[in-house]
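Chains, contacts and geometry: an overview
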Amino acid sequence: MAKHYLNHLFEPRSVAVFGASDRADAVGALVFKNMLESGFEGPVYPINPKRDAVQGHPAYPDLESLGKPVDLAVITTPAATVPAIIESCGRHGVRAAVILSAGFREVGAEGERLEKALVENARRHNLRFIGPNCLGVMRPKRGLNCTFNKGSAAPGKIALVSQSGALCTAILDWAAANGVGFSAVVSTGISADADFGELLDYLVNDPETHSILLYIEGIHQARSFMSAIRAAASAKPVIALKVGRHPEGSKAAQSHTGALVGSDDVFDAALRRAGVVRGLRIGDLFSAATTLTSGFRTAGDKLAIVTNGGGPGVMASDRATDLGVSLAKLTPETLKELDDRLPFTWSHSNPVDVIGDATAERYAAAVECCMRAREVDGVLVILTPQAMTEPTAVAEAMVKLAKNFRKPLLTCWMGQVQVDEARRLLRQSGLPSYHTPEAAVEAFFYLTSHYRNQQLLVESPASLSRTNPPDVEGARLIIEGALAEGRSVLSEAESKAILGAFRIPCARAQVVHSANEALIQAESMGFPVALKIDSPDITHKSDAGGVRLGIANAQSVRNAYNEIIETVKRNRPGAKITGVTIEPMLSRPNGRELLVGLITDPVFGPVITFGSGGTAVEVMGDRAVSLPPLNHRLARDLIKGTRVSRMLGAFRHLPPANLEALEAVLLRVSELACELPQVKELDINPLILDEEGAVAVDARLVVSYHSTTAQPYSHMAIHPYPVALIHRQQMADGTDLTIRPIRPEDAEIEQAFVRGLSERSRYFRFLQPLRELTPQMLARFTQIDYDREMALIAVVEENGVEREVGVSRYVTNPDRTSCEFAIVVDDEWQRKGIAHHLMAQLLETARDRGLDTMEGEVLASNHEMLELVGKLGFEITISPEDPGLRHVTRRV
C-alpha cells in the first residue's frame, strides 16, 4: 500500500534539467521549454555551468550551487558526463532520472563502459532512471513534459510505453489529430535500468490509467515482463504492438520444432497467456483501447451485423472471416421476430440488411432483436448515408438501446459530412464508433481476444501431476550420462527412455550395430519392423536415406541394414553413425500423424508446440505454441489452434481420435519442460493418435548443462503453481488446517475473507478505511507471480467448502534481496497459532527464494501484531517518516 518507488518519476514535486540551453537546436533547450509551457506546478531548475540564465530563468552550474531538493533529474548532456551527473544526483537525494542522452551500448565498447558506470552509480544511491537514449516522459494531467517532442499531449486515460522514441513522436502526432489523450507517455530507450516490467507495475496501480498501450521491439527480462504484464492485464486492458513479426527462421535448428517456431510465435503465445490483446498497426492500438475501455465485454465471438447496405455488410463479413470471428447463425425464433418487425425485402439472414430506406425505428427494431438473441454475442450496426437515412436519429436510437443491454454494440457510420454529428453523439455516449466496417469488426475481434486471453490468464497450472508422477531423477541421470560423454543430442533409445520416465507411451526401439544384430532383434520383436539410422548429426533421417519401413522377413532386414549404412555414408559423409534403430512396425490404420515438440526461446525459455506431423511438417507449417506449464484447458486451447485439430474428430471413415490421450501427452511434455531445464529441444514426430490412444514413434532430445544453483523454475517465463508449498496440519483443537499458495480462483474466498474482517483488523492491515477489495486489488492479490512474491492462505473446510481464515504475503523489493510482508487473520480465528504458522512458512519460503531480509510497517496501536513480530525475532523501530508507524525488520 506504500507509494511505488517510481513515484518520483511520474509525480515529481521539482525537476532539474541538466543541459538546459538557449540554443534552438539543442535537446536541452526544447526539454526546458516544454517543462515551462506544460503547466508543471513545481519548480523547474536549469543546470548549465556555462550559462547564468536559460530562457530568462536563473541557471545553476550544479546541484551543489542549487541547494534545493530535487525529485527528478532530466539529463540531456553528452554521454561521457552522465555517470558523474548521476553520482551527484545520488549524493543529493535525487531518486529518479530521465536520461535522454545517446552514446551508450548502441555505439560500442566505450558506450558500454559508460553505461556500466552509470548503472553502478545509480544503484549505489538507489536512484531509478528511464533511458538512456530515449524521448522522455510525459504526465499530461500533472503538467510534466520532460521530452524533446515538439508539443505535448492532451490528458486522457491511456498510458503509452514505447521502446522507440521515433514511433512515440508519430503516435503522439496521430493522437493529437484524432483527439486521443494520455495519462502517461514513456519512451524507454535502451532500458539500462527501469524496464517494461517495472513501468507496468506502476501503471497497473495508477488511478489515472484505464488502459495501457505497449510498443515493443524486444524483451530482455522475460520473467519480470510476464509477471508485470499479467498483473496489469488482470486489472485493466493492455494492448501491445510488436514489430519484427517476420524474422529469419531459427539458425542451425536441430529438430523439426526448432525449424518451425519463430520468435514471433513465442511472443504471441506469451501475450495470449498474459491476457493481452495484440495489434498489428498503430491505429489498432487506439481502436482496441477505445473498444476495451468502453465497458463492453463479450463471452463469445458470434457477431450479428445490421446494415442498410449490402456491400458494407459483405465487407464486414469478409473481415470477420479473415479474423476467425463467427457470424451468428440466427435461430428460427430470431428470424421470425425479425420477419414480424422488418419489411419483407430484408435479407432474411445475417448480415441483417434492413434496406436503404431504413428509419431509426426500423434500425432499433432489428438491433433490439439481435441484442436479445442468445445466439448473438455482439452487434455491429453499419449505416451509409442514403437518401432516406437519418444518421443522427439512428445514432440517438442506438444510444438509448445500448443502455438496456450488456452485450457489445459497435457502430460504423460511413461517410463524413452527413454523419459527423451522429459520430460525435456516439462518441459522447461512450458507444465505440468506427469509420469503416473492417475497423469495426477488428474492434469486436479485440473484445473476443481479450475475453479469451483473460481466461488463459487466470490459469495457474502446477508443474507436476499428483497421479502417477514421473521418474524425474531417472531422466536426469540419462541426460547427465550423455553430457558426461560430451554429447548434446540423445539417441532415439535415450530419448524414448526419458519420455518413458515421464509416462509418455513410446514405440519400443533398440539400437543395433550390425546386420546380424538387427536380424536377432527383428526375430525377437516379430515382423514387420522398421529400421532408422541413429546419428547425432542427422535430424531428418528420411532426407539422408536413413529409413526403411515395413521389412517383413529376415533377408530383407540384413539388406535394409546394409543399405541404410551405405546410403547415409554416401549422402552425409561427415555424419557420425552410432548404429541403426530397429522397432516393430506399428499397425494403426486410423492413426493421425502429429508433432509434439519443445524448444527453448532465448527470451521466454521453454515453449511447447503442437501440430501436423510426418516428413513434411516444415512445408505444412501447421503448428501452435504455448508456454508451459499447461493444464487440461491450456492443452485443449493449444490443440484448437491448429488445422489438424479438425481431423481429430470423426473424419470420413475414421473414428474420432482419443483427445484425452493427446492432452495427457501434452501435459507430460509440460512436466518435462518444467522439471528438466537441461532439455533444450524435443521432437516427438510422428506421434500417432487414434481411437485407442497415442504413441511416440520417433523422438529426439537436445540437451545442455544447466546451473544446479539456479532457483527452481528460473528457466521458465511463468512460474508454475508451487504445489510443494501446500502443508496440512491439525491445530490444537483438532481443526484441520491447510496452508497453501493463493490461486487466481481464490478471488471469491479472498473477498469474503476481507469483508468478514472487523473494521479494526482491516484498518490495521491496509492502513486506511476499506470495506472490500476493489476489482484491481482483488486481481492483484490473487493473480500473483510465485517467483517474486508469495501469498499463503490458511483455509479450513466448512460443509465441503473452503473458507479462508488467514493470509500472509510478501512482495520482493526492487533490490531483489529484501521483501515487504503483510499478515492478517480472521478475528474469530486469532489467538490459535495460525499467524505463527503462516509467518514461519512465509519466512522459510522467502529464505528458499534467496531473500535475506523481511520488513514491514505496523501501526503503533496494533499491539497484537507487534507482539507477534517481536516473538518471531523482528527488530522494531519508530518509522522515520511517521511516528505513528513502527518499522519491523529481520534477517530471513
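Remember, predicted model here, so these are calculated numbers, not experimental data. (Residues numbered from 1 in each chain as written. Predicted model: local features only at pLDDT ≥ 70, side-chain atom pairs only at ≥ 80, totals over all residues. Heavy atoms only, no water.)

**Re the overall build of the chain**
The secondary structure content of the chain amounts to 29 helices and 38 strands. Relative to its length of 892 residues, the chain is compact, with a C-alpha radius of gyration of 31 Å against a globular reference of 29 Å. Projecting the C-alpha coordinates of the chain onto the three principal axes gives extents of approximately 100 × 80 × 70 Å. Burial status across the chain gives 57% buried among its 892 residues. Put simply, of all contacts in the chain between residues at least 6 apart along the chain, 71% involve residues at least 24 apart. As displayed, the chain offers around 37600 Å² of accessible surface, 51% of which is attributable to carbon and sulfur atoms. The centroid of the 94 positive side-chain charges in the chain is displaced by 1 Å from the centroid of its 107 negative side-chain charges. (Helix = DSSP H or I, 4+ residues; strand = E, 2+ residues; numbered from the N terminus. Rg over C-alpha atoms; globule rule 2.2 N^0.38 Å. Buried < 20%, exposed > 50% of the residue type's maximum accessible area, 1.4 Å probe, protein only. Contact = heavy atoms within 4.5 Å. Areas by Shrake-Rupley, 256 points an atom, 1.4 Å probe, with all protein chains shown as cover. Lys, Arg positive; Asp, Glu negative; His and termini not counted. Charge placed at Lys NZ, Arg CZ, Asp CG, Glu CD.)

**Concerning the packing of helix 10 (residues 263-273) against helix 17 (residues 437-457)**
Interhelical geometry of helix 10 versus helix 17 gives an angle of 80° and a closest axis separation of 7 Å. Classified by the interaxial angle, the pair formed by helix 10 and helix 17 is roughly perpendicular. On the side of helix 10, the interface is formed by Leu 271, Arg 272 and Arg 273, while helix 17 contributes Asn 453, Leu 456 and Leu 457. Of the residues contributing to the contact of helix 10 with helix 17, the split by class is 3 nonpolar, 1 polar and 2 charged. (Axes fitted to C-alpha atoms, helices over the stretch in contact; angles between N-to-C directions. Parallel < 35°, antiparallel > 145°, perpendicular 65-115°, else oblique. Nonpolar A, V, L, I, M, F, W, Y, C, P; charged D, E, K, R; others polar.)

**With respect to the packing of aromatic side chains**
Aromatic ring pairs are reported here in terms of the distance separating the ring centres and the angle at which the planes meet. By the definition in use, this model includes 9 aromatic pairs. When the ring of Phe 10 is compared with that of Tyr 202, the centres are 4.3 Å apart and the planes differ by 10°; the resulting orientation is stacked. Taken together, the residues Phe 10 in helix 1 (residues 7-10) and Tyr 202 in helix 7 (residues 196-204) connect sequence positions 192 residues apart. On the basis of relative accessibility, which here comes to 1%, the residue Phe 10 falls in the buried class. Note on Tyr 202: relative accessible area 5%, which makes it buried. Each ring, one from Phe 821 and one from Phe 874, has its centre 5.2 Å from the other, and the planes form 40°; the classification is tilted. Highlighted residues: Phe 821 in strand 35 (residues 818-825) and Phe 874 in the loop between helix 29 (863-871) and strand 37 (875-878), separated in sequence by 53 residues. (Phe/Tyr/Trp six-rings, centres within 6.5 Å; stacked < 30°, edge-to-face > 60°.)

**Some points on the state of the cysteines**
Tallying each qualifying case throughout the model produces 0 disulfides. No disulfide involves Cys 370; its sulfur sits 6.7 Å from that of Cys 369, the nearest cysteine. Residue Cys 370 is classed as buried on the basis of its relative accessible area, which comes to 0%. (Disulfide = S-S within 2.5 Å.)

**Focus: the sheet that holds strand 33 (residues 789-798)**
The sheet built from 8 strands is open, its strands ordered 31-32-33-34-35-36-38-37 with mixed pairing. Pairing within the sheet leaves two strands with one partner each, and these edge strands are strand 31 (727-730) and strand 37. Taking the axes of each pair of neighbouring strands and ignoring which way they run, one obtains an average angle of 25° across the sheet. Bridge count between strand 35 and strand 36 (residues 853-859): 3 bridges; the pairing is parallel. By the bridge assignment for strand 36, Glu 820 is matched with Glu 855. (Pairing = 2+ DSSP bridges.)

**Considering a negative patch on the surface**
Residues Glu 820, Glu 857, Glu 881 and Asp 882 make up a contiguous surface patch of negative charge. You can call Glu 881 exposed: its relative accessible area is 76%. (Patch = residues over 30% accessible without salt bridge, like charges linked within 9 Å, V, L, I, M, F, W, Y side chains within 5 Å. Salt bridge = Lys/Arg side-chain N within 4 Å of Asp/Glu carboxyl O.)

**A look at the environment of Met 777**
Mapped onto the fold, Met 777 is located in helix 27 (residues 775-782). Judged by relative accessible area, which is 17%, Met 777 ranks as buried. Between the alpha carbons of Met 777 and Asp 206 there is a distance of 12 Å; along the sequence they are 571 residues apart.

**A short note on the pairing of strand 33**
Buried residues dominate strand 33, accounting for 8 of its 10 residues. Judged from the 4 bridges that link them, strand 32 (residues 736-741) and strand 33 form a sheet pairing that is antiparallel. Across the sheet, residue Arg 740 finds its bridge partner in strand 33, namely Ile 793. Bridge count between strand 33 and strand 34 (residues 801-812): 10 bridges; the pairing is antiparallel. Counted as the bridge partner of Glu 798 is Val 801 from strand 34. What sits between the antiparallel neighbours strand 33 and strand 34 is a turn of 2 residues, in which Asn 799 has the positive phi angle 55°.

**A few points about the side chain of Asn 308**
Note that Asn 308 resides in the loop between strand 15 (302-307) and helix 12 (310-323). Looking at Asn 308, the relative accessible area reads 2%, which means it is buried. When sequence neighbours within four positions are dropped, the list of residues in contact with Asn 308 reads Asp 353, Val 354, Ile 355, Gly 356, Tyr 363, Ile 382, Leu 383, Thr 384, Gln 386 and Thr 389.

**Considerations on the sheet that holds strand 6 (residues 96-99)**
On the basis of which strands lie adjacent, the open sheet formed by 5 strands has the order 2-1-5-6-7 and parallel pairing. Where the open sheet ends on each side, the last strands, each with one partner, are strand 2 (44-47) and strand 7 (128-130). Shown here is a sheet whose adjacent strand axes are inclined to one another by a mean of 20°, direction ignored. In this sheet, strand 6 lies alongside strand 5 (residues 72-75) in parallel orientation, the contact comprising 4 bridges. The residue bridging Val 74 from the neighbouring strand is Val 98, located in strand 6.

**Structural notes on the side chain of Ser 495**
Position of Ser 495 relative to the elements: it lies in helix 19 (residues 492-501). Relative accessible area serves as the criterion here: at 0%, Ser 495 is assigned to the buried category. A distance of 3.1 Å separates the side chain of Ser 495 from the backbone nitrogen of Leu 701, its partner in a polar contact. Not counting the four nearest positions on each side in its chain, Ser 495 is found in contact with Leu 490, Ala 699, Arg 700 and Leu 701. (Polar contact = N/O pair within 3.5 Å; in protein donor to acceptor, adjacent residues only side chain to side chain.)

**Looking at the pattern of salt bridges**
Close approach of charged atoms lets side chains of opposite charge pair. Tallying each qualifying case throughout the model produces 53 salt bridges. The closest approach of N and O atoms between Asp 264 and Arg 278, which form a salt bridge, is 2.6 Å. Of this pair, Asp 264 sits in helix 10 while Arg 278 sits in strand 14 (residues 277-279), and the two are 14 residues apart along the sequence. A relative accessible area of 13% means that Asp 264 is categorised as buried. Salt-bridge contacts for Asp 340 lead to Lys 336; the nearest nitrogen and oxygen are separated by 3.2 Å. Taken together, the positions of Asp 340 and Lys 336, both in helix 13 (residues 332-341) and 4 residues apart, correspond to about one turn of that helix. You'll find Asp 340 and Lys 336 in the same group, each marked exposed.

**Here we look at the pairing of strand 8 (residues 136-139)**
By the alternation rule, side chains of strand 8 split into Gly 136 and Met 138 and Val 137 and Arg 139, which are all buried. Between strand 8 and strand 9 (residues 144-147), which pair antiparallel in sequence order, lie 4 residues; one of them, Gly 143, sits at a positive phi of approximately 70°. Sheet topology note: the strand 8/strand 11 (residues 182-187) ladder contains 2 bridges and is antiparallel. Pairing of Met 138 across the sheet is with Val 185, part of strand 11.

**Structural notes on the nonpolar core**
If you look at the biggest cluster of nonpolar residues, it comprises 78 residues, and the most contacted ones within it are Phe 182, Val 352, Val 379, Met 398, Leu 409 and Trp 413. Ranked by the residues each element gives to this core, the list is headed by helix 14 (residues 360-372), at 8 residues. Ranked by size, the runner-up nonpolar core spans 62 residues in total, among them Phe 32, Ala 96, Ile 130 and Ala 228. (Core = buried A, V, L, I, M, F, W, Y, C linked by side-chain atoms within 4.5 Å.)

**Quick look at the confidence of the model for the chain**
Residues with a pLDDT of 70 or more make up 96% of the chain, whose mean pLDDT is 89. Here residues 247-261 is a poorly scored stretch, pLDDT under 50, and it has 41 contacts once near neighbours within four places are set aside; other chains count. (pLDDT = per-residue confidence, 0-100.)

**A look at unusual backbone geometry**
The step from Asn 350 to Pro 351 runs through a cis peptide bond, and the omega angle for that step is 10°. With respect to the secondary-structure elements, Pro 351 resides in the loop between helix 13 and strand 17 (352-353). Along the chain, Phe 527 connects to Pro 528 via a cis peptide bond; the corresponding omega equals -5°. Looking at where Pro 528 falls in the secondary structure, it is placed in the loop between helix 20 (515-525) and strand 22 (529-534). Although it is not a glycine, Asn 126 sits at a positive phi angle of roughly 55°. Positive phi is not limited to glycine here, since Ser 191 has a value of about 55°. Position of Ser 191 among the secondary structure elements: in the loop between strand 11 and helix 7.

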